Amino acid sequence: MRKSKTLAKIRSGEMIRTCVMGHYIPAYVCHAARAGYDCIWVDLEHRSMTNREVEALLAFSHLFDIDIMLRPPTLEKTLLYRHLEDGAAGLMIPHVSTADKAKMLVDAVKFPPLGDRGLDNAGLDADFHIHDADEYVAWANRETFLCVQIETPQAVHNADAIAAVEGVDLIFVGPGDLGLRLRQSGEMTLDEAWEIVAAACRKHNKAFGGPMVAAGEMQKRKDQGAQLLVNSSEFHGWSIGLSQDSRKFDALH
């Protein structure tokens, strides 16, 4: 059974090199792994793939030994842990604004004694093999992770309580939704929200991170203690590559 690179980096205090994918591009999994990334955030909240496409990407992630952190389109319990059975290293859940919601998610995706996930132990995560149940459960709780997103002012105010929830492995600041809501409320800046989350994670020994495209932003958040650093996507590759290649036409006589 595969070990999570994300969790290994969390435990060693190292940064987690993370990129994003929202479309079915199997080759991207391979190239991200070869480029030295530890984790791919696959977004199904704002993008759509078939179940078979998702299963294929997860299989490719095992082939090339890179984590996939899946952001699912639903909170239905059985569908959440089915993604883990299909090989996802972790799940990232949007809009987690309360400790109660975080506890509900732990209940869904962690096995007892942490949660109440259903047992199958015959999927890709278990190498399609019926293992000793106790061994499999211990492995799954140890090598799959739950990441919750802080995307509302309420979530920032509850950051300490959310970070204190046992079974939450990683906290993700979503600057798009959070920044929008903070600009509307005016109650704090996005930088102040980052610091509140960082302080809560330091207090409860939880890893945190988020998207950081600019080099200066990456350094700033790393200095703040962030481990999950997200800095690239297939959109970025397409836009840069297409722009550079398009300019070659301008040089033709």
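Up top you'll find the structure we're talking about.
(A) Region of interest: the overall build of the chain. Counting its regular elements, the chain contains 12 helices and eight strands. Its C-alpha radius of gyration of 19 Å places the chain within 12% of the 18 Å reference for a compact globule of 253 residues. Sequence-distant contacts in the chain: of pairs separated by 6 or more residues, those separated by 24 or more amount to 64%. When the accessible surface of the chain is totalled, it reaches about 11900 Å², and 54% of it is carbon and sulfur.

(B) Helix 3 (residues 51-63), seen in detail. Over its 13 residues, helix 3 extends 19 Å from the first C-alpha to the last, a length consistent with the 18 Å expected when each residue adds 1.5 Å. For helix 3, every residue scored as buried is listed here: Val-54, Ala-56, Leu-57, Leu-58 and Ser-61. Buried-residue contacts for helix 3 involve strand 1 (16-21), helix 2 (26-34), strand 3 (67-71) and helix 4 (77-85).

(C) Examining the side chain of Arg-117 more closely. Topologically, Arg-117 is positioned in the loop between helix 5 (99-109) and helix 6 (133-143). Within the structure, the side chain of Arg-117 is placed 3.1 Å from the side chain of Tyr-136, a separation counted as a polar contact.

(D) Highlighting the pattern of salt bridges. Here the structure, examined in full by the defined rule, presents 19 salt bridges. With a closest N to O distance of 3.2 Å, Lys-77 and Asp-116 form a salt bridge. Taken together, the residues span a long stretch of sequence, with Lys-77 in helix 4 and Asp-116 in the loop between helix 5 and helix 6 at a distance of 39 residues. Residue Lys-77 is classed as partly exposed on the basis of its relative accessible area of 29%. A salt bridge links Asp-191 to Lys-220; the nearest nitrogen and oxygen atoms lie 2.8 Å apart. One end of the pair, Asp-191, is in helix 10 (residues 190-204); the other, Lys-220, is in helix 11 (residues 215-224), with 29 residues separating them in the sequence. Accessibility expressed as a relative area gives 35% for Asp-191, which makes it partly exposed. Connected through salt bridges with shared partners, the residues Arg-2, Lys-5, Asp-65 and Asp-67 form a single ionic network.

(E) Up close: helix 1 (residues 5-12). Residues of helix 1 that are buried: Thr-6, Leu-7, Lys-9 and Ile-10. One face of helix 1 carries all of its buried residues, which in axial projection span an arc of 160°. You can read the cap of helix 1 off the contacts: a side-chain oxygen lies 3.2 Å from the backbone nitrogen of Thr-6, and it is on Ser-4. Trailing helix 1 by a residue or two, Gly-13 shows a phi angle of about 75°, which is positive.

(F) Up close: the nonpolar core. By size, the foremost hydrophobic cluster in this structure holds 53 residues, and its most contacted members are Ile-40, Val-42, Leu-70, Leu-146, Val-148, Val-168 and Ile-171. With 16 residues, the next largest nonpolar core counts Val-20, Met-69, Met-92 and Val-230 among its residues.

(G) Main features of the environment of Ala-161. Locating Ala-161 in the fold gives a position in helix 8 (residues 159-163). When the C-alpha positions of Ala-161 and His-129 are compared, they lie 38 Å apart, and in sequence the two are 32 residues distant.

(H) The arrangement of the packing of aromatic side chains in detail. Considering all chains together, one arrives at four aromatic pairs under this definition. Their ring planes at 75° and their centres at 5.1 Å tell us that Trp-41 and Phe-172 sit as a pair that is edge-to-face. Linking Trp-41 in strand 2 (residues 39-43) with Phe-172 in strand 6 (residues 170-173), this pair joins segments that are 131 residues apart in sequence. Here Phe-172 falls in the buried class, since its relative accessible area comes to 1%. Ring plane angle 55° and centroid distance 6.3 Å describe the contact between Trp-194 and Phe-208, whose orientation is recorded as tilted. With Trp-194 in helix 10 and Phe-208 in strand 7 (residues 207-211), this pair connects stretches of sequence that are 14 residues apart. Both residues of the pair, Trp-194 and Phe-208, belong to the buried class.

Reading the values: rules and limits
Residues numbered from 1 in each chain as written. Predicted model: local features only at pLDDT ≥ 70, side-chain atom pairs only at ≥ 80, totals over all residues. Heavy atoms only, no water. Helix = DSSP H or I, 4+ residues; strand = E, 2+ residues; numbered from the N terminus. Rg over C-alpha atoms; globule rule 2.2 N^0.38 Å. Contact = heavy atoms within 4.5 Å. Areas by Shrake-Rupley, 256 points an atom, 1.4 Å probe, with all protein chains shown as cover. Expected span 1.5 Å × (residues − 1). Buried < 20%, exposed > 50% of the residue type's maximum accessible area, 1.4 Å probe, protein only. Polar contact = N/O pair within 3.5 Å; in protein donor to acceptor, adjacent residues only side chain to side chain. Salt bridge = Lys/Arg side-chain N within 4 Å of Asp/Glu carboxyl O. Arc of directions from axis to C-beta. Core = buried A, V, L, I, M, F, W, Y, C linked by side-chain atoms within 4.5 Å. Phe/Tyr/Trp six-rings, centres within 6.5 Å; stacked < 30°, edge-to-face > 60°.

So yeah, pure geometry; function would need other evidence.
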